[in-house]
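In case you want the letters, here they are:
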Amino acid sequence: MESTQAKLFTSLKIKSVEIKNRVWVSPMCQYSSQNGHPTDWHFVHLGSRAVGGAGLVLVEATAVSPEGRISPDDSGIWSDDHIASFRRITDFVKTQKCVIGIQLAHAGRKGSTSAPWLGDKILLEPEGGWKTLAPSPISFKQGEISPLEMTQDDLSKVINDFENATVRSLKAGFQVIEIHMAHGYLMHGFLSPISNRRGDSFGGSLENRMRLPLQVAQSVRKKWPDELPLFVRISATDWADESATTLSWKLSDSIIFSRKLKEIGIDLVDCSSGGTLPNAEIPTGPGYQVPFSEAIRKESGILTAAVGMITEPVQAESILLEKKADAIFMARELLRDPYWPLHAARKLGIKILKPVQYGRS
């Protein structure tokens with residue numbers, strides 16, 4: 001029986017989808033796909049978190065085009081051939097009364113790199129890499145090959161790629177889409193003046209820098225059924241040195257952007273941060289990104305999810321009770337413990353349904 005004694009284990013209905021609790025699996029790159037196709041690793045990785053009691057599982061950043069990958073080992077949905085590979089996973093996750101979602105992404109200038117355990121280095125074309133695209137020809141790290149500045153044709157193709165990926169996601173059985181607009185990847189690259197130095201209508205003012213991300217969000221919303229939830233993950237701040245003269249993306253910009261997202265039908269903002277500057281000084285600590293979720297929720301009136309070093313049940317419960325977020329996205333803690341929701345429920349004195357196969361536990 002579901003209990004109402006802990007906010008963490010109450011359901012949240014967004015559009016027609018009811019998510020059984022507020023413990024959600026954040027999209028985490030596994031660098032284990034084959035030509036974009038998820039493998040048995042993904043089936044076990046995602047399936048075990050569903051078995052472990054999470055309310056929502058989001059598939060890792062899934063590229064809308066081959067050049068949109070972070071690495072050659074990234075998940076992808078740029079072809080109809082990928083649909084059946086994902087369907088096996090979505091079908092199983094749903095059997096656990098867990099909602100399954102996908103994060104659609106384009107890596108932009110941070111693409112064409114090797115997996116972390118292979119050195120996380122830039123790959124040249126003879127090594128399996130590709131030419132990366134960005135709002136401006138500015139590399140992520142000094143000394144790296146500069147990305148290609150996107151043309152109008154490139155911009156149109158990106159919007160079309162997101163639209164096609166949205167249609168495939170529905171056919172693959174996903175119930176939620178999250179658009180990746182954080183961590184220095186392509187959409188965030190347009191939002192931040194650190195990486196966007198364009199002189200056309202897609203650069204310069206805040207309105208112009210928001211233009212492509214908003215066009216992508218609006219295009220996805222039109223292709224995605226009205227009754228299904230659509231999320232956006234943002235970096236609420238670049239964590240730039242406030243004393244520096246270089247302009248950056250700030251929380252105040254994120255609030256304005258979130259209001260715009262709500263106007264076009266986005267249901268929830270997933271509030272992360274950073275990723276544009278390789279050496280940003282980030283004051284990490286338990287719940288260090290929660291204030292972003294709280295501010296955006298309060299100032300924009302949109303649902304938010306909190307992320308970032310949320311590891312303890314009481315901590316997660318307090319965030320929800322204090323109305324700093326509507327849900328908790330967890331990453332590393334769920335890598336350490338796929339059954340964290342079940343363990344958290346026990347610590348909070350809540351009885352929740354577990355798989356019948358595990359009833360003896």
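Residues numbered from 1 in each chain as written. Predicted model: local features only at pLDDT ≥ 70, side-chain atom pairs only at ≥ 80, totals over all residues. Heavy atoms only, no water.

## Digging into the packing of helix 3 (residues 152-171) against helix 6 (residues 211-223)
Condition: The axes are straight lines fitted to the C-alpha atoms, using for helices just the contacting stretch, and the angles between their N-to-C directions are given from 0 to 180°. The helix count covers DSSP runs of H or I at least four residues long, the strand count covers runs of E at least two residues long, and both are numbered beginning at the N terminus. Each angle receives one of four descriptions, namely roughly parallel if under 35 degrees, roughly antiparallel if over 145, roughly perpendicular if within 65 to 115, and oblique otherwise. Each helix crossing is assigned a hand: it is left-handed if the near helix lies turned anticlockwise from the far helix by less than a right angle, otherwise right-handed if that turn is clockwise. In what follows, residue pairs with any heavy atoms lying within 4.5 Å of each other are defined as contacts. The nonpolar class holds Ala, Val, Leu, Ile, Met, Phe, Trp, Tyr, Cys and Pro. Asp, Glu, Lys and Arg form the charged class, and all remaining residues, Gly among them, are polar.
Closest axis-to-axis distance for the helix 3/helix 6 pair is 9 Å, and the angle between their directions is 30°. Between helix 3 and helix 6, the angle is such that the two are roughly parallel. Between helix 3 and helix 6 the crossing geometry is right-handed. Residue-level inspection shows Leu155, Val158, Ile159, Phe162, Glu163, Thr166 and Val167 of helix 3 in contact with helix 6, the latter providing Leu212, Gln215, Val216, Ser219, Val220 and Lys223. In terms of residue class, the contact of helix 3 with helix 6 is made up of eight nonpolar, three polar and two charged.

## A few points about helix 1 (residues 40-51)
Convention followed: Take the residue count of a helix, subtract one, and multiply by 1.5 Å to get its expected span. Each residue is placed in one exposure class: buried if its accessible area under a 1.4 Å probe, protein chains only, is under 20% of its type's maximum, exposed if it is over 50%, and partly exposed if it falls in between.
For helix 1, with 12 residues, the first-to-last C-alpha span of 16 Å sits near the 16 Å given by 1.5 Å per residue. Buried within helix 1 we find His42, His45, Leu46, Gly47, Ser48, Arg49, Ala50 and Val51. Residues of helix 1 that are buried in the fold lie against strand 3 (23-25), strand 4 (56-63), helix 2 (82-95), helix 10 (332-336) and helix 11 (340-347). Note on helix 1: the residue one or two positions beyond its end, Gly53, has a positive phi of about 105°.

## Here we look at the nonpolar core
Keep this limit in mind: Throughout this description, the term nonpolar core refers to a set of buried Ala, Val, Leu, Ile, Met, Phe, Trp, Tyr and Cys residues connected via side-chain atoms within 4.5 Å.
The biggest cluster of nonpolar side chains holds 92 residues, and the ones touching the most others in it are Trp24, Phe162, Ile179, Val216, Phe257 and Ile328. Beyond its immediate chain neighbours, meaning those up to four positions away, Trp24 contacts Leu12, Ile14, Ile19, Gly55, Leu56, Phe231, Leu268, Ala327, Ile328, Phe329, Met330 and Leu334. Core analysis: the second largest hydrophobic core is formed by five residues, Tyr31, Ile70, Ala107 and Tyr185 among them.

## Thoughts on the pairing of strand 11 (residues 268-272)
Here is the key point about a regular strand: its side chains alternate between the two faces of the sheet. Defined as follows: Pairing between strands is defined by DSSP: at least two bridges between them are needed. A clockwise path from the first strand over the helix to the second, with the strands pointing away from the viewer, defines a right-handed crossover.
In terms of burial, strand 11 is largely enclosed, as five of its five residues are buried. A two-sided burial pattern is seen for strand 11, the buried positions comprising Leu268, Asp270 and Ser272 on one face and Val269 and Cys271 on the other. When strand 10 (residues 230-235) meets strand 11, the two strands line up parallel, connected through five bridges. Its bridge partner being in strand 11, Arg233 is matched across the sheet by Asp270. Two elements, strand 11 and strand 12 (residues 303-306), share four bridges in a ladder whose sense is parallel. Considered in strand 12, the bridge of Val269 is made with Thr304. Each parallel crossover has a hand, and the one from strand 11 via helix 8 (residues 290-300) to strand 12 is right-handed.

## Looking at the environment of Ser219
This is how it is decided: Under this definition, polar contacts are N or O atom pairs within 3.5 Å; protein pairs additionally need one hydrogen-donor-capable and one acceptor-capable atom, and for neighbouring residues in sequence, both atoms have to be side-chain atoms.
Tracing the backbone shows Ser219 in helix 6. For Ser219, a relative accessible area of 12% corresponds to the buried category. On a C-alpha basis, the gap between Ser219 and Asn164 in space is 10.0 Å, while along the polypeptide they are 55 residues apart. In this view, Ser219 contacts Ile159 and Glu163; residues no more than four positions away in its chain are not counted. At 2.9 Å, the side chain of Ser219 and the backbone oxygen of Gln215 are in polar contact.

## Some remarks on the pattern of salt bridges
For side chains of opposite charge, pairing can occur when their charged atoms come near one another. Rule in force here: Here, a salt bridge means any side-chain nitrogen of Lys or Arg that lies within 4 Å of a carboxyl oxygen of Asp or Glu.
The final tally for this structure, using the stated rule, is 14 salt bridges. Note that Glu67 is salt-bridged to Lys157, the shortest N-O span being 2.9 Å. Here the residue Glu67 occupies a position in the loop between strand 4 and strand 5 (75-76), and Lys157 occupies one in helix 3, the gap between them amounting to 90 residues. Overall, the relative accessible area of 22% leaves Glu67 in the partly exposed class. On the basis of relative accessibility, which here comes to 38%, the residue Lys157 falls in the partly exposed class. Here Glu178 ties to Arg233 by a salt bridge, and the two come within 3.9 Å at their closest N and O atoms. Note that Glu178 is positioned in strand 9 (residues 176-181) and Arg233 in strand 10, a separation of 55 residues in sequence. Per residue, the accessibility class of Glu178 equals that of Arg233, and both read buried.

## Digging into empty space enclosed by the protein
What counts is decided by this rule: Definitions used for this entry: grid spacing 1 Å over protein atoms alone; cavity, a set of points where a 1.4 Å probe fits but cannot get out; pocket, an open set with protein on both sides within 12 Å along at least 5 of 7 lines; lining residue, one with an atom within 4 Å of a point. Grid points are joined across faces, edges and corners, and a volume is the space filled by probe spheres set on the points.
On inspection of all chains with the given rule, the structure shows three cavities of 30 Å³ or more. The computed volume of the largest cavity comes to approximately 50 Å³. Around the largest cavity, the lining residues are Ala61, Thr62, Ala63, Gly68, Arg69, Ile70, Asp74, Ala105, His106, Ala107, His180 and Tyr185. Considering every element that reaches the lining of the largest cavity, the biggest residue donor is strand 4, with three residues. Across the lining of the largest cavity, the residue classes tally to six nonpolar, four polar and two charged.

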